[in-house]
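Below are the chains, spelled out letter by letter.
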2 protein chains.
Amino acid sequence: MKPVNIGLLGLGTVGGGTVKVLKRNADEITRRAGREIHIGVVAARDLNRSRICDTAGIRLTTDPYEVVTDPGVDIVVELIGGLEPAKDLVMRALDAGKHVVTANKMLIALHGNEIFAKASEKGRMVAFEAAVAGGIPIIKALREGLSGNKVEWLAGIINGTCNFILTEMREKGRDFRDVLKEAQALGYAESDPTFDVEGIDAAHKLTILASIAFGIPLQFDRVWTEGISSVTSLDVAYAETLGYRIKLLGIARRAEKGIELRVHPTLIPERRLIANVNGVMNAVLVKGDAVGPTLFYGAGAGAEPTASSVVADIIDVVRTLTSDPENRVPHLAFQPEAISDIPILPIEDIETAYYLRLSAEDRPGVLADVTRILADHNISIEAIIQKEPPNGESHLPVIMLTQKVQERKLNDAIREIEALPVIGGPVKRIRLETLG
Amino acid sequence: MKPVNIGLLGLGTVGGGTVKVLKRNADEITRRAGREIHIGVVAARDLNRSRICDTAGIRLTTDPYEVVTDPGVDIVVELIGGLEPAKDLVMRALDAGKHVVTANKMLIALHGNEIFAKASEKGRMVAFEAAVAGGIPIIKALREGLSGNKVEWLAGIINGTCNFILTEMREKGRDFRDVLKEAQALGYAESDPTFDVEGIDAAHKLTILASIAFGIPLQFDRVWTEGISSVTSLDVAYAETLGYRIKLLGIARRAEKGIELRVHPTLIPERRLIANVNGVMNAVLVKGDAVGPTLFYGAGAGAEPTASSVVADIIDVVRTLTSDPENRVPHLAFQPEAISDIPILPIEDIETAYYLRLSAEDRPGVLADVTRILADHNISIEAIIQKEPPNGESHLPVIMLTQKVQERKLNDAIREIEALPVIGGPVKRIRLETLG
């Protein structure tokens, strides 16, 4: 089957990330989509930007209108951001019969109603997963995964810049202005940070989430929007004293007389999972009447996390173009003929760290014997603690954490340790994963 | 358009929940699916079970074969669980040209390869979101939302019974046997708890997740499976001393020479979000090469959370049967003609709790004046703390948390407080949400 041809608008951070992911995972993506995805043409304002990624085999142009009217392009991917010329390009792409994938939250929040009407008229898809919360598939979750629910409310940490600033203020007692400067230096905040710190970016995203959750039109101008520039390190500290953390939340709630739609700094109890979402990470908490509370967490920005959503949208469109509807998504995600026979490893071949608990006689040299055996098997120790022996027992519990090692090697070492006369009973072993 | 007709197999906890959600949210669901969903017939072993939910307008039968061969049924929803007759019923439903939705993890883990082959042959859909992690749309996230990624590994808390037991052991220092008995009394564990506590249920779910993540066949018999019955409260406490929590994890990892597929108790650093998933809740952490770490959290079992996924699958099928492929999922989740004009509330109409910080002269009676004003406006106070005045200042900071109140009322009260001569400068106000 003929590859699907992508025309890309914009070769900034996200554009470059999208090219990288499509190229690096081409094999995996073809196995999932059932068809090759080929980047035919990329429009970039400055062709020197093409050095951001490998553009071999891709036609480059400085004229985005060349891309949206190219008869060979099936899907236009809009990653230039801002309102114009993005809007005009998207409308022209739809007029030319292209499907559109976009990461442009402002465009969707402000002009989505018009764009979707045009798409319906033309029988074309406009996908925008990347417009909200970067790599978190929250649009898909709300639109499809939770579609049986009446959504009661949702609350999201949907601006990574603000979450980074608030996290630093809390963890280090620093001031807003001070952390903002660092965020700018790190590239987490723009040189004009207004959109992020005054909550406007979060309000764009909340507009989109609320519309999908409640079935209401996109109405950005109705969102109450307060940023974090007035939050002081003092307030952050007092909140913590009382068991709360301050987060910039986008909140949409179905109240008795209407919908609440608001972005503002918010105290939330520190025991909530979402209160522990730190740094630039994003999370959206959705309360459905059937499912109860659900939370979706991940990177809210950055080249490849955002590209993850852009590429997922491209695959969604390709699957629709390629299969009969019943086979749009293969049961096991990959096309049946593309299932791999890569082997499952026996447990002795896995590598992980371990918690070991053993019962040792309380006398000198015992620890030396045990650690010697581990060293002989090239097993590094991360921590050791000895506990008092339980009442009336002559053996004391020794707990060790190892570094990563192959289970076979560990088993060999454990057998030797258990054979030591000073060790009582079997060694207790629990695997340890840092999940980092 | 003619309603889609559902035939339901099984009227236990999940079956009853599914009927309830479909009926309660019928309007919302029709607005999303573009078509009415009607439950035509339900098969239950014991027709007295029908009292679990309102079955008005539904034909009841004790013969499930009547359902799968009923020419009026479009979608068969299999919620009886176990291998037989569930497998035979699903195969016959496919033979009869029905689409199938199932919550049966054991059936999919053990016979999915065969069932999916039959479905492909017949051009029918088999949907199974509810088979893994209850209400969390993790199948959709892996199969579609993260489809641009090469999945590096995933790790899930996918058995609520075990997570409840381990949480109780940690929080209260209780023993495994003791908590298990309570879990059985609460209905969180079966009278024969082997499937849950020995990790078999988690292994069924891991089999499915791994297959979708890596594009490998379902191979339950290759999963290394260890349960939690050997975890002692001593180990839980020692792990905590070292900064770790013990969770039963299902882990699938792409290693150099193959795939690791294992269920076992695991120490994980307590600072990880997933380490803070407590009680019967589930969570799946997925590490993709582009998106980085993502986490999906929610209820892993129970009548309505599981029904949430069953109904989402039904809507998925109905959307495919109803629309041309390009319009399968409406841009804003709801059909364009079903968008509601429910109003967005002005900020003065919202209700929330508040953090207030004011600067008060350090002399008797000031607090009394402030709290009197709040009481006059019917605003209840949740907490008050006074801090030492900063060096050389005559005013001291007073921090208050209010209970929920309408913002208009609070604004009135704040205006009065600010007019008190003993109060210096404006009252700082930050909204507070418990997100409970």
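Okay, so let's go over this structure. Being a predicted model, the structure only gives us computed values, none of them experimental.

## Here we look at the sheet that holds strand E4 (residues 75–78) of chain A
All names here are of chain A. Taken in spatial order, the six strands line up as E3-E2-E1-E4-E5-E6 in an open sheet, and their pairing is parallel. For this open sheet the edge positions go to strand E3 (59–61) and strand E6 (126–127), each flanked by a neighbour on one side alone. Note: strand E5 (residues 99–102) against E6, two bridges, orientation parallel. Across the sheet, the residue bridging to Val101 is Ala127, located in E6.

## Comments concerning the pattern of salt bridges
Scanning the entire structure with this criterion turns up 76 salt bridges over all chains. Salt-bridge contacts for Glu168 of chain A lead to Lys172 of chain A; the nearest nitrogen and oxygen are separated by 3.0 Å. Of this pair, Glu168 of chain A and Lys172 of chain A both sit in helix H7 (residues 160–172), four residues apart, which is roughly one turn of that helix. Overall, Lys172 of chain A belongs to the exposed group, its relative accessible area being 52%. Several salt bridges converge on common partners, so that one network encompasses Lys140, Glu144, Asp316 and Arg328 of chain A together with Lys140, Glu144, Asp316 and Arg328 of chain B.

## A word on the packing of aromatic side chains
Working definition: an aromatic ring pair is given by the centre-to-centre distance plus the angle between the planes. By the definition in use, this model includes five aromatic pairs over all chains. Ring geometry for Phe296 of chain A against Phe296 of chain B: centres 6.1 Å apart, planes inclined by 80 degrees, an arrangement best described as edge-to-face. With one member in each of two chains, Phe296 of chain A in strand E12 (residues 292–299) and Phe296 of chain B in strand E12 (residues 292–299) form a pair that bridges those chains. Measuring from centroid to centroid gives 4.9 Å for Phe164 of chain B and Tyr188 of chain B, while their planes differ by 75 degrees, and the two rings are edge-to-face.

## Considering the interface of chain A and chain B
For interface size, the figure often reported is the accessible area lost on association. In this complex, chain A contributes 135 residues to the contact, which on the side of chain B involves 135 residues. In total, chain A and chain B occlude about 11400 Å² of area from one another, counting both sides; carbon and sulfur atoms represent 61% of this. When the buried surface of chain A facing chain B is broken down by residue, His331, Ile344 and Leu435 of chain A rank first, second and third, together holding 8% of it. Our count for the contact surface shared by chain A and chain B stands at 16 salt bridges. Among the salt bridges present, the one from Glu144 of chain A reaches Lys140 of chain B, with a minimum N-O distance of 2.7 Å. On the surface where chain A and chain B come into contact, there are 60 residue pairs in polar contact (both at pLDDT 80 or more). Among the residues making up the side of chain A that touches chain B, the classes are represented as 75 nonpolar, 29 polar and 31 charged. Note: strand E17 (residues 423–432) of chain A against strand E10 (residues 259–269) of chain B, two bridges, orientation parallel. The residue of E10 of chain B that forms the bridge with Leu432 of chain A is Leu267 of chain B.

## What to know about the packing of helix H13 (residues 366–376) of chain B against helix H14 (residues 407–419) of chain B
Residues and elements named next belong to chain B. Direction vectors running N to C along H13 and H14 enclose 155 degrees, while the axes themselves pass 9 Å from each other. One way to sum up the angle between H13 and H14 is to call them roughly antiparallel. Our pair here, H13 against H14, has a crossing hand that is right-handed. Contacts between H13 and H14 involve Val370, Ile373 and Leu374 from the former and Ala413, Glu416 and Ile417 from the latter. Each residue belonging to the contact of H13 with H14 can be placed in one class, and the counts come to five nonpolar, no polar and one charged.

The rules behind the values
Residues numbered from 1 in each chain as written. Chains lettered and ligands numbered in written order. Predicted model: local features only at pLDDT ≥ 70, side-chain atom pairs only at ≥ 80, totals over all residues. Heavy atoms only, no water. Pairing = 2+ DSSP bridges. Helix = DSSP H or I, 4+ residues; strand = E, 2+ residues; numbered from the N terminus. Salt bridge = Lys/Arg side-chain N within 4 Å of Asp/Glu carboxyl O. Buried < 20%, exposed > 50% of the residue type's maximum accessible area, 1.4 Å probe, protein only. Phe/Tyr/Trp six-rings, centres within 6.5 Å; stacked < 30°, edge-to-face > 60°. Contact = heavy atoms within 4.5 Å. Buried area = accessible area lost by both parts, 1.4 Å probe. Polar contact = N/O pair within 3.5 Å; in protein donor to acceptor, adjacent residues only side chain to side chain. Nonpolar A, V, L, I, M, F, W, Y, C, P; charged D, E, K, R; others polar. Axes fitted to C-alpha atoms, helices over the stretch in contact; angles between N-to-C directions. Parallel < 35°, antiparallel > 145°, perpendicular 65-115°, else oblique. Left-handed = near helix turned anticlockwise from the far one by under 90°.

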